[in-house]
Structure formats: C-alpha cells, structure tokens
Amino acid sequence: MTKKIIRIINIIIIITLVASEETKEEKVAITCGSIIKLSNEKTGHRLHSHSVTYGTGSRQQSVTGFPEGNDVNSFWIVRGATGTECKQGEAINDGDIITLEHLVTRKRLHSHPHKSPLSNQQEVSAYDGKDVRDNWIVITQGQWIRDNVVVLKHLDSNQFLHNHLKEYGRPIPHQTEISCVSSSKGKEVKWRVVEGIFFPQIH
C-alpha cells in the first residue's frame, strides 16, 4: 500500500469519526458514492475484506465478518449496478440494484456457486472482474437510511448476504464467515450502516 493511499485512508477515518458524531441523531440517506461500514444484526461484525484469498472454492479474495469496529478494511463504496452510472448523491431505494466496492483493494462484493469454506453455503468473495455477479438488490423500508435495517439479495442467485459466528483460524483468526443463504429470515441476513461518509442527496 502506497504512502498516498495510507494518508487518504487516515483522512477518511478522521472524517468518519466526525461525521458519525454529527449525524447520529439525524436520518441520513445512503446515496451513491457513500463510503460505509455494514454491521450484521446477529453477530455485530462488520462486512470486511483484505488481501487474503480463500484456500478452497474460487480462491478469490476472501470476505469475512470482522469483530472490531476500527479497521479500514471494513469500508465499502456504494456504486451502481454493473455497467450503469450512479451519480454521487443519488438516492438508493428499496428494490434498487447496487454494487459494493471495497475501499482498499477496489474489488467488488461478489457471489457465485462455489461452496463457502466453513458451512458449505454459497461463497461470497471480493472480485475485480466487474460482472453481473457483483449485483445486489437492496431490501429496506422505502429509501435506504442509515441505521435502518437492510437485506442484500444477490441478483444472480436470489440468495441473501449472511453472517454467523463460525470462525476462521490462521491467517484470519476470529473473523467469521460471510456467505449467501436461501432464506431471508433471521438476524443473520440483516445489516445496518453504522459508520461512514455520507454524500448529500441530489434532487
């Protein structure tokens, strides 16, 4: 990682802490370009990725649940669906299709028919191919608002982004498995934006 990227990330962390304090009492819209951390309602872990690949399945970059709240590898940028333009500040509503780009590695949240390593569900990875398997349907109440529950449905497979407390060992100890499952029931598939940089909604 270059010094320039490290400086940018440090600035983002500082801005995020300030923004979180200023907006915690407000209803803040999640818009295109927002840089967010998603926390799972069941585990409290953040959606996370890093330059560690799976040892099985696709062998793509792994996506995990991270128990700590202060790691830059848990930031994701909200983008439009693959092949579409989504202007910064454009509102995200129930039923919209988005992609999530990992801030540090620039790979996108992705899923496919490979088996997940710990539970043999559908694997979730971070992938730089920018294809239709990067697309997720937002399921929420009306407009996507910070602190409101959101479910992410994988467009290609009709499965749901899921986290549970099954943990990995080395080299990523205490991080938990992220997968896709067929049921939309339970807190394991429910997420909430807990931190981020939020761009004002354009009209």
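No experiment lies behind these values; they were computed from the predicted model shown. (Residues numbered from 1 in each chain as written. Predicted model: local features only at pLDDT ≥ 70, side-chain atom pairs only at ≥ 80, totals over all residues. Heavy atoms only, no water.)

Comments concerning the overall build of the chain
Counting its secondary structure elements, the chain contains one helix and 12 strands. Across the 203 residues of the chain, 50% fall into the buried class. Summarising the internal contacts of the chain: among those between residues at least 6 apart in sequence, 65% fall at separations of at least 24. Working note: accessible area of the chain is about 9,900 Å², and carbon and sulfur atoms make up 50% of it. (Helix = DSSP H or I, 4+ residues; strand = E, 2+ residues; numbered from the N terminus. Buried < 20%, exposed > 50% of the residue type's maximum accessible area, 1.4 Å probe, protein only. Contact = heavy atoms within 4.5 Å. Areas by Shrake-Rupley, 256 points an atom, 1.4 Å probe, with all protein chains shown as cover.)

Observations regarding unusual backbone geometry
Cis geometry marks the peptide bond from R170 to P171; its omega dihedral reads 10 degrees. In this structure, R59 is a non-glycine residue whose phi angle is positive, near 65 degrees. Of note, R59 is situated in the loop between β2 (46-53) and β3 (61-66). Residue classification places R59 among the exposed positions, given a relative accessible area of 55%. Here the phi dihedral of K130 falls at roughly 50 degrees; this positive angle occurs in a residue that is not glycine. Here K130 shows up in the loop between β7 (122-127) and β8 (136-139).

Brief notes about the state of the cysteines
Enumeration over the complete set of coordinates arrives at one disulfide. Each sulfur of the disulfide joining C32 and C86 lies 1.5 Å from the other. In this pair, C32 is assigned in the loop between α1 (3-23) and β1 (35-40) and C86 in the loop between β4 (76-80) and β5 (97-102), connecting sequence segments 54 residues apart. (Disulfide = S-S within 2.5 Å.)

Side note on the packing of aromatic side chains
Taken as a whole and assessed by the stated rule, the structure comprises zero aromatic pairs. For K37, the ring lying beneath its charged end belongs to F75, and the centroid distance is 4.7 Å. (Phe/Tyr/Trp six-rings, centres within 6.5 Å; stacked < 30°, edge-to-face > 60°. Lys NZ or Arg CZ within 6 Å of the ring centre and 35° of its normal.)

Regarding the nonpolar core
Here is a general trend for soluble globular proteins: nonpolar side chains tend to be buried in one another's company. By size, the foremost hydrophobic cluster in this structure holds 29 residues, and its most contacted members are L38, L47, L100 and W144. For L100, the residues in contact, after removing those within four places along its chain, are I36, L38, L47, W76, I77, V78, K107, R108, L109 and L152. (Core = buried A, V, L, I, M, F, W, Y, C linked by side-chain atoms within 4.5 Å.)

Some words on the side chain of Q175
Note that Q175 resides in the loop between β10 (160-167) and β11 (176-181). Among the residues examined, Q175 registers a relative accessible area of 7% and is labelled buried. Within polar-contact distance, the side chain of Q175 engages the side chain of T64 at 2.6 Å. (Polar contact = N/O pair within 3.5 Å; in protein donor to acceptor, adjacent residues only side chain to side chain.)

With respect to the environment of K42
By secondary structure assignment, the location of K42 is in the loop between β1 and β2. Along the backbone, K42 and N163 are 121 residues apart, and their C-alpha atoms lie at a distance of 7.7 Å. For K42, the contacting residues outside a window of four places in its chain are K187 and E188.

Focus on the environment of E68
Mapped onto the elements, E68 comes out in the loop between β3 and β4. Spatially, the C-alpha atom of E68 lies 7.2 Å from that of H45, the residues being 23 residues apart in sequence.

As for the side chain of H50
Here H50 lies in strand β2. Within polar-contact distance, the side chain of H50 engages the side chain of H48 at 3.4 Å. Polar side-chain contacts of H50 include one of 2.8 Å to the side chain of S62. Setting aside anything within four residues of it in sequence, one finds H50 in contact with Q61, S62, T64, N73, H102, I172 and Q175.

Overview of the pattern of salt bridges
Oppositely charged side chains are able to pair whenever their charged atoms sit close together. On inspection of all chains with the given rule, the structure shows eight salt bridges. Salt-bridge contacts for R192 lead to E41; the nearest nitrogen and oxygen are separated by 2.8 Å. Pair noted here: R192 is in strand β12 (residues 191-197) and E41 is in the loop between β1 and β2, with a separation of 151 residues, a long-range link. The class for R192 is partly exposed, based on a relative accessible area of 24%. R79 is paired through a salt bridge with E101; the nearest N and O atoms lie 3.4 Å apart. With R79 in strand β4 and E101 in strand β5, the pair connects residues that are 22 residues apart, well separated along the chain. Here the salt bridges do not stand alone but share partners, grouping R79, E101, R106 and R108 into one network. (Salt bridge = Lys/Arg side-chain N within 4 Å of Asp/Glu carboxyl O.)

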